[in-house]
Amino acid sequence: MSLDVPSITDFQTYLQRFAFQRKRIGYLYGKFVPTEDAMADDTDETPPPMKCLVEAIYEPPQEFDAEAAEGFVLLDDDREDTVAQIAELLGLTRVGWILGHEPREMGFQLASSEIIMAAEYQLEAADGVHETPFVTIAVSPKADGTVTVEAFQVSLQCMAMAAEEALEVGENPKECVVSESFTAIQEGKESKTVENNFFLVVVPIVQHTSEMFVAEFPKLNRLDERVPSHDELKRQLSKSGTAGWTFVDRLADFNLLIYLSGFLDMNADLPKICASIVDRS
C-alpha cells in the first residue's frame, strides 16, 4: 500500500499532543490500484492483485473512553453521507482505517477489539468473506520515542469467524475469545481463545505525496487549537497564486471540501468544484 505523507504526518502530530494516551481512528480515502508487478505483467487474464493508494484521512466524531473495549466511542456522524458523496465525486472510496494507540510491548500489535473491528470493516469493503485490499493501519510510539506506522489485514478465516460472531473480546487483549456457540481447533486441540497474531497479515507500506490533494485544512471533529472556520478557509485559499499554487490546488483538500459542504449546495456547487479538482480545470 502507499500512504500520503502529509496526511499521516498530520494524524501522527495530533496523537503526539496527548502522548498517544488517547486512542483515535480515522477513515482512509483513496483508490484500489494494481500492484507494480501486476502492471508489469499484462499477459495474465485473471484480475490483477490490487493495493491501496491512500490520498486523504477523515476522522469521524468520537470520544476517548478508557472503559470501552475499543478505547473510544464513535458518535453519530451527521456528515457521513456527505463525506461519502464528496469522495465519490472525487473518484475516491474508503480503502482502510487508521488507529492511533498507546505504547505496547514488543510483539503486541493489535488488541482483540481491534482485530474484530478490522474484520468487520474488511467484510463491509469486500461485501462478504472475500479477498480485499482494504487495510488497517496502526500508529504508535516505541519505547525509544520513535513512532511506528504499520499496516495489516486480517485473514479470510478471521473474517469468516467475525461474520458468524464467533469472536469476542475477553480480559486478555492479546487474544480473541471464541464464542461458546463455536469450537476452534488449534494444533489438533480444542481452544477457547486464539492469539491475535494468528489472524494478522503484514502489509508493506511505501510513501508518496499526493499529486491531487493537499492536507493542510484543520481536521474536523478534533479538540484542537486550529478548528475549521472561515478564517482558516481564507488563509488556505489566499495562498493561491504563490509558490506555484493555483486556486484549484488550494481547494483540493478533502477536509476543506467537507467543511464547504456546510455552506454550499451539495447538488449544485460541490459537484462542479470536485470536477474542477479532478480535471484541474
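Caption draft 1: Summary view of the pattern of salt bridges. For the structure shown, the criterion picks out 16 salt bridges. The partner of Asp10 in a salt bridge is Lys219, with the nearest N and O atoms 3.5 Å apart. With Asp10 in helix α1 (residues 5-17) and Lys219 in the loop between β15 (206-208) and α6 (230-237), this pair connects stretches of sequence that are 209 residues apart. Two residues, Arg104 and Glu114, come together in a salt bridge whose shortest N-O distance is 2.7 Å. Here the residue Arg104 occupies a position in the loop between β6 (93-100) and α4 (112-126), and Glu114 occupies one in helix α4, the gap between them amounting to ten residues. Assigned by exposure class, Arg104 and Glu114 land together as buried. Through salt bridges with shared partners, one network takes in Asp10, Arg17, Arg24, Glu59, Lys219, Arg222 and Asp224.

Caption draft 2: Structural context of a negative patch on the surface. Together, Glu70, Glu120, Glu164, Glu165, Glu168 and Glu180 make up a region of like negative charge exposed at the surface. Position of Glu168 among the secondary structure elements: in strand β9 (residues 167-169). Note on Glu168: relative accessible area 38%, which makes it partly exposed.

Caption draft 3: Up close: unusual backbone geometry. At Ala19, a residue that is not glycine, the phi angle is positive and equals roughly 50°. Take Ala19: its relative accessible area is 46%, and that puts it in the partly exposed class. Look at Phe20: it is not a glycine, yet its phi comes out positive at around 60°. In this fold, Phe20 is placed in the loop between α1 and β2 (24-34).

Caption draft 4: The arrangement of the sheet that holds β9 in detail. Taken in spatial order, the three strands make up an open sheet running β9-β10-β13, and their pairing is antiparallel. Each having just a single partner strand, β9 and β13 (193-195) make up the two edges of the open sheet. The average undirected angle you get between the axes of adjacent strands in this sheet is 40°. As paired elements, β9 and strand β10 (residues 175-178) share three bridges and run antiparallel to each other. Looking at the pairing, Leu167 lines up with Val178 of β10.

Caption draft 5: Molecular detail of the environment of Tyr14. Along the polypeptide, Tyr14 turns up in helix α1. Residue classification places Tyr14 among the buried residues on the basis of a relative accessible area of 5%. Taking the C-alpha atoms as reference, Tyr14 lies 9.8 Å from Gly100; in sequence the two are 86 residues apart. Ignoring sequence-local partners within four residues, the contact set of Tyr14 consists of Arg24, Arg222, Leu223 and Asp224.

Caption draft 6: Fine view of the packing of aromatic side chains. In this structure the tally under the stated criterion is eight aromatic pairs. Centroid distance Tyr27 to Tyr121: 6.0 Å. Interplanar angle 85°. Geometry classified as edge-to-face. Of this pair, Tyr27 sits in strand β2 while Tyr121 sits in helix α4, placing them 94 residues apart in sequence. When its relative accessible area of 9% is taken as the criterion, Tyr27 is described as buried. With relative accessibility at 10%, the residue Tyr121 sits in the buried group. Between Tyr29 and Phe254 the ring centres are 5.1 Å apart and the planes differ by 40°, which places this aromatic pair in the tilted class.

Calculation notes
- Residues numbered from 1 in each chain as written.
- Predicted model: local features only at pLDDT ≥ 70, side-chain atom pairs only at ≥ 80, totals over all residues.
- Heavy atoms only, no water.
- Salt bridge = Lys/Arg side-chain N within 4 Å of Asp/Glu carboxyl O.
- Helix = DSSP H or I, 4+ residues; strand = E, 2+ residues; numbered from the N terminus.
- Buried < 20%, exposed > 50% of the residue type's maximum accessible area, 1.4 Å probe, protein only.
- Patch = residues over 30% accessible without salt bridge, like charges linked within 9 Å, V, L, I, M, F, W, Y side chains within 5 Å.
- Areas by Shrake-Rupley, 256 points an atom, 1.4 Å probe, with all protein chains shown as cover.
- Lys, Arg positive; Asp, Glu negative; His and termini not counted.
- Charge placed at Lys NZ, Arg CZ, Asp CG, Glu CD.
- Pairing = 2+ DSSP bridges.
- Axes fitted to C-alpha atoms, helices over the stretch in contact; angles between N-to-C directions.
- Contact = heavy atoms within 4.5 Å.
- Phe/Tyr/Trp six-rings, centres within 6.5 Å; stacked < 30°, edge-to-face > 60°.

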